[in-house]
Each structure stands twice: as structure tokens, then as C-alpha cells.
Amino acid sequence: MFLIFLRIPPSWGSVNSIPARVYTVFNNFVGELMVRQHAKETTWTVSIANVQPGDRVLEIGFGAGKAIQLLEKKATHGFVYGIDLSATMVKRAKERNARAVRTGRVTLQQGEAAHLPFEEHHFDKVVSIHTFYWWSEDPYIFLTEVFRVLKPGGTLLFTFSHGKMGEERDYYDQAFIEEQILTLMKNIGFTAVSFRPGPISRQFKHIAVLGTKPSAS
């Protein structure tokens, strides 16, 4: 976690008077800082996603677009889509992936995970990194939406930090993950549900949760 203090010149009056360009610069700075801070778990997540050259992949909450860039390199003959709440991050991620966006192999848009603007059975892989904290209290909507847009045989993979080295208790212990997340995923219809310990980055411990939508019989 980090804190950034923005000093407001007296001439601006209040935080509501900050020029839009300053917000843009500030948000871009935060986005790039997050790219650097989360590089280890981002690279690891993409490496275990098993993205195939012809896959159609969705990332939920792509931030400044680093994972999108890595996924596009894996899906060499496929397509990568992304959805993020922040208009600023959409703009920044488009800049980072400008060439792939121009060729139509990457499509990025603003939107909510609770209402994915895609048809059913659309994606081979759905990936999400560090978004779990925003939907963990009510994961049903997120997980059912992902299940809806996955193709039969498609896989969901989401990575998050579950604790910090040296602290007595994890934020999300194994019992919580197994009883609250894995069980819910199975009830929704996911199979091959599992979790995999990930890298330690900046003293934070990471874990990936995986599940597959059953193939059509």
C-alpha cells in the first residue's frame, strides 16, 4: 500500500477545482506505479493462464494495460478484450497497446464486471488481477457473469494478495478461499476448481484461483 499527497495551490481554491489535466497526469502516474509494483504477479498470472495462439481472452480490471500487452503476445492469432471502471485507465491502456488496438486485435472499454457487455460463450479465457477485493463480499454476481461469457471448456483465472509476510493472520485464509470461493464456484457450475500459490512480491503473498466451464456434452 502507498500514500500520495497532492498539494493544491491556493489559486485552485479546493480539490474540486483541480484542473482535469492534473487529474489525468496524477492518474497516469498512479497507473504506471501500479504496473511496476504488480509486475511480478502480473507476469506470473499470464504465464499460468495457458493462453493459446487462437484464444479470445478477456481481462477484467486491466488498469494501465500491462497484462493486456502480455496476453496479446500469447494470443498471436486471437483477440484480447478488456473492461475497466476507469476511463483514465482505458485511455492509458489504449496508449500502451496502441498498435494492437489499431489492428483490431485488442479492444478495451469502460464498464462493470457485474454487467459484462458480451454475449454468452464468447471467451476462451477470463483473467483478472487484483480485483478480488472489490467483489469478494458478494462474489456471486461476478462469478456468474464470468461463467456466462466463457465458452464451454473456457477457464477463469483470478489472482489476488491473500496476506503479508510476517503478519499473524492472512487477509483471506485457506478456509475462506475453500469454503466461500471454491464452493461457490462449484455451485455455479465451474469444474476443475483449484487454487495455486503465487509469488511473493513486496512482502505480499499471492494466490491464483482457477475454474473451468464444462465442455458441452
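Note that the coordinates shown come from a computational prediction; the quantities given were computed from them, not determined experimentally.

1. Topic: the pairing of strand S2 (residues 79-84)
Within S2, 5 of the 6 residues are buried, which leaves the element mostly enclosed by the surrounding structure. In this sheet, S2 lies alongside strand S1 (residues 56-60) in parallel orientation, the contact comprising 5 bridges. Bridge pairing links Leu-58 to Tyr-81 in S2. Handedness of the S1-helix H3 (residues 66-74)-S2 crossover: right-handed. Alignment of S2 against strand S3 (residues 106-110), held across 5 bridges, turns out to be parallel. Note that in S3 the partner of Val-80 across the bridge is Val-106.

2. Quick look at the packing of aromatic side chains
For the coordinates displayed, the defined rule picks out 14 aromatic pairs. Ring centres of Tyr-81 and Phe-118 lie 5.9 Å apart, and the angle between their planes is 80 degrees; this geometry places the pair in the edge-to-face category. Placement of the pair is Tyr-81 in strand S2 and Phe-118 in the loop between S3 and strand S4 (123-129), with a sequence separation of 37 residues. Pairing Tyr-81 with Phe-123 gives two aromatic rings, centres 5.4 Å apart and planes at 75 degrees, and the pair type is edge-to-face. With Tyr-81 in strand S2 and Phe-123 in strand S4, this residue pair connects regions lying 42 residues apart in the sequence. Neither residue differs from the other here; Tyr-81 and Phe-123 are each classed as buried. When the ring centre of Phe-147 is taken as origin, the NZ or CZ atom of Lys-213, which lies over that ring, is 4.9 Å away.

3. A few points about the packing of helix H7 (residues 139-149) against helix H8 (residues 174-188)
Axis separation between H7 and H8 bottoms out at 10 Å; the angle between their running directions is 45 degrees. Taken together, the axis directions place H7 and H8 in an arrangement best described as oblique. Taken as a pair, H7 and H8 cross one another with a handedness that is right-handed. Across from Pro-139, Tyr-140, Leu-143, Thr-144 and Phe-147 in H7, the residues of H8 making contact are Ile-181, Leu-184, Met-185 and Ile-188. In terms of residue class, the contact of H7 with H8 is built from 8 nonpolar, 1 polar and no charged.

4. A few points about the environment of Ile-188
Within the secondary structure, Ile-188 is located in helix H8. Distance from Ile-188 to Leu-143, taken between C-alpha atoms, is 7.8 Å for residues 45 residues apart in sequence.

5. Overview of the pattern of salt bridges
On inspection of all chains with the given rule, the structure shows 8 salt bridges. Between Arg-202 and Glu-41 there is a salt bridge, and its shortest N-O distance comes to 3.9 Å. Linking Arg-202 in the loop between strand S6 (191-201) and strand S7 (204-212) with Glu-41 in helix H2 (residues 39-48), this pair joins segments that are 161 residues apart in sequence. A relative accessible area of 34% means that Arg-202 is categorised as partly exposed. Among the residues examined, Glu-41 registers a relative accessible area of 0% and is labelled buried. Its salt-bridge partner being Asp-55, residue Lys-125 comes within 2.7 Å of it at the nearest N-O pair. Of this pair, Lys-125 sits in strand S4 while Asp-55 is found in the loop between H2 and S1, placing the two residues 70 residues apart along the sequence. The residues Lys-125 and Asp-55 share a single accessibility class, namely buried. Put simply, Lys-91, Arg-92 and Glu-95 are held in one network by salt bridges that share partners.

6. Comments concerning the nonpolar core
Leu-58, Val-126, Leu-143, Leu-156, Phe-158, Met-185 and Phe-190 are the most contacted members of the largest nonpolar core, which has 30 residues in total. Where this core is concerned, the elements lending two or more residues are S1, S2, S4, helix H6 (132-135), H7, strand S5 (150-164), H8 and S7. Here the element with the most residues in this core is H8; it accounts for 6 residues. Apart from the residues within four sequence positions on either side, Leu-156 is in contact with Val-126, Leu-143, Val-146, Leu-150, Met-185, Phe-190, Val-209, Leu-210 and Gly-211. With 23 residues, the next largest nonpolar core counts Ile-48, Ala-49, Leu-108 and Leu-157 among its residues.

About the criteria used
- Residues numbered from 1 in each chain as written.
- Predicted model: local features only at pLDDT ≥ 70, side-chain atom pairs only at ≥ 80, totals over all residues.
- Heavy atoms only, no water.
- Buried < 20%, exposed > 50% of the residue type's maximum accessible area, 1.4 Å probe, protein only.
- Helix = DSSP H or I, 4+ residues; strand = E, 2+ residues; numbered from the N terminus.
- Pairing = 2+ DSSP bridges.
- Right-handed = clockwise from strand over helix to strand, strands pointing away.
- Phe/Tyr/Trp six-rings, centres within 6.5 Å; stacked < 30°, edge-to-face > 60°.
- Lys NZ or Arg CZ within 6 Å of the ring centre and 35° of its normal.
- Axes fitted to C-alpha atoms, helices over the stretch in contact; angles between N-to-C directions.
- Parallel < 35°, antiparallel > 145°, perpendicular 65-115°, else oblique.
- Left-handed = near helix turned anticlockwise from the far one by under 90°.
- Contact = heavy atoms within 4.5 Å.
- Nonpolar A, V, L, I, M, F, W, Y, C, P; charged D, E, K, R; others polar.
- Salt bridge = Lys/Arg side-chain N within 4 Å of Asp/Glu carboxyl O.
- Core = buried A, V, L, I, M, F, W, Y, C linked by side-chain atoms within 4.5 Å.

These figures come from the coordinates and say nothing about function on their own.
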